[in-house]
Amino acid sequence: MVQQGVQTQAGMLFVALCLHMGAATAGMLKVDMTSDANGGGGDTISHSLTLVQRLEALLLQGNGSDLSLRVETPSADEVKVIQAHSLVLSLQSPVFEEILLSRNSSKLVLKESSDCAAVFDKFIRYLYCGEISLRLDQATPLHKLATKYQVTGLQQGITQYMTQNLARESTSGHVAGWYEYAVQAGDVTLRDSCIQFMAWNISSVLQSGEWVTISSQLLMSLLQRSDLILQSEMELFAGLEAWIIQNEPDGLTAENALRAVRYAMMPPRELFRLQTQSAILARYQESVRDLLYMSYQFHSASPMQMAKYFDVNCSLFMPRNYLSPVWGSSWIINNPSRDDRSTSFQTQLGPSGHDSSKRVTWNALFSPRWLPLSMRPMYTDSGAMQPTRVDGGRPRIIITPATSSAEFAGVNFQKTVMVMAQQQGKVVVKHVYNFHQSTEENGDFLAEADLYRRTSEYLIDSSLFLHIVVKPLYQSLITRKN
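A short tour of the structure in this document, coming up. For clarity, every value in this text was computed on a predicted model and none was experimentally measured. Along each chain, numbering runs from 1 in the same order as the chain's sequence is written. Totals for whole chains, interfaces and linings use all residues, but because this is a predicted model, local features are given only for residues with pLDDT of at least 70 and pairs of side-chain atoms are given and counted only at 80 or more. Excluded from the side-chain calculation are hydrogens and water; included are all heavy atoms of the structure.

### Here's the deal with the side chain of E72
Then comes step 1: A run of H or I in DSSP counts as a helix once it spans at least four residues, and a run of E counts as a strand once it spans at least two, with each numbered from the N terminus. Within the secondary structure, E72 is located in strand β2 (residues 67-72).
Then comes step 2: Burial status follows relative accessibility: with a 1.4 Å probe on protein chains alone, a residue under 20% of its type maximum counts as buried, one over 50% as exposed, and anything between as partly exposed. Among the residues examined, E72 registers a relative accessible area of 11% and is labelled buried.
Then comes step 3: Any pair of N or O atoms that falls within 3.5 Å is considered a polar contact. Within protein, one atom must be able to donate a hydrogen and the other to accept it, and sequence-neighbouring residues count only if both atoms are side-chain atoms. A polar contact is formed between the side chain of E72 and the side chain of R70, at a distance of 2.5 Å.
Then comes step 4: Note on contacts: a residue pair qualifies if any of its non-hydrogen atoms lie within 4.5 Å across the two residues. Contacts of E72, omitting those with residues within four sequence positions, involve E78, V79, V109, L110, K111 and E112.

What follows is the structure, encoded as structure tokens:
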């Protein structure tokens, strides 16, 4: 059982309730020796823990109950009866307050789905105690209840719990399910957190049990993204093939999904293998024939020649964030708060087969305390430094080619730096930064990162784990007129 405390603002209301009920309190004495406005000392007697315990006992024992909650599922095959107190429910939930104002009986029948009925006692306990314990599989029904009964504190707390536990291991996966629920519930924060996590960690999603259960809408949302982080386009095609085999969608859905694959990012040998071995591609080959034809052309002609006749800025010719060594390199920086560090690596000039044998050497420089020019000390004409006080600095990465080349013409290199973190015992992508030469272009590169504390959430074993990807983007040059 994962314990998750969610704070509420109902403490003072509960105090009033307990005083009204004549509850005798006993507990620890907390003394606050700070001075008040008049200079005198102030002491505080706190029995908040005892109050929570007594309120929980009030719920469990049903003492003074004036309301019987009968929780039924639609099929009425499950029934829960909970003895409650109108005052507590009304104080915590505007929906309960409205219902109870118009009731004419001490019994209240509530219709709930099976998953919500299973956790309804936890939900009611939260209204009494202001805290809740839950598992991953209980988050969605509890969020439904908090939304339905307008318990804002619990709703926000569970959203936060879900966004902080996206990386947690589960038997069948849970992130896609949470995304689908967030779309239905209109929870924008949870929705965006889920789809970003899936895009940045798509390899683990593809391997999870819930991948083949995702909706066609979520599938298309992911396939159309250029920020997917995965080994290669072949990995994505294999996942899509498994999804189509499992779900047997209608022809239009399958065709649209297959047309979202970036075949030009696959080497010709992989394209040949797909066409000869993939049953799914064989079934829908007519719908993607034009994309395959353009991909073969892309690999056989020079990018400069292709750019004269085709729009090479379309998604078919745009790489995603591939982790394959031909597109970048991992970089582990030990003690990243100390000195400047540098590294070199090579990438393929471009995804075209025409460029497959050409390599570009890149130099990367990491500085933990780089200062913008406007913040650096100034020097006088005599060479003496002006006494300008400069504090801090911020992390920065510069990535430049080791040599220039005429072959770079028509190619725009986008650099992507992925910052890894360890969450719930799993290494996941925490942040992604895109720039052309320096992370200074972002302005927020590791702006909130604590690189000094060994237990920082940005460090793994006191080291900064990065992965650099260089994405060659071809530019259209001349459009042929018919």
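### Focus on the sheet that holds strand β13 (residues 426-435)
Hydrogen bonding along the main chain pairs the strands of a sheet, whether they run parallel or antiparallel.
Then comes step 1: By the convention used here, strands pair only if DSSP detects at least 2 bridges between them. Strand order in this open sheet of four strands is β8-β14-β12-β13, and the pairing throughout is antiparallel. At either end of the open sheet lies a strand with only one pairing partner, and these are β8 (328-334) and β13. Recorded for the sheet is a direction-independent mean angle of 25° between the axes of neighbouring strands.
Then comes step 2: Sheet topology note: the strand β12 (residues 411-423)/strand β14 (residues 463-474) ladder contains nine bridges and is antiparallel. In the strand pairing of β14, F413 is matched with P472. Angles here are taken between N-to-C directions and fall from 0 to 180 degrees, while the axes themselves are lines fitted to C-alpha atoms, restricted in helices to the stretch in contact.

### With respect to unusual backbone geometry
Then comes step 1: With phi around 45°, N335 is a residue other than glycine that occupies positive phi space.
Then comes step 2: Examined against the element boundaries, N335 turns out to sit in the loop between β8 and β9 (341-348).
Then comes step 3: We classify N335 as partly exposed; its relative accessible area is 39%.
Then comes step 4: With a phi angle near 65°, S462 is a residue other than glycine that sits in the positive phi range.
Then comes step 5: Its relative accessible area of 15% is what places S462 among the buried residues.

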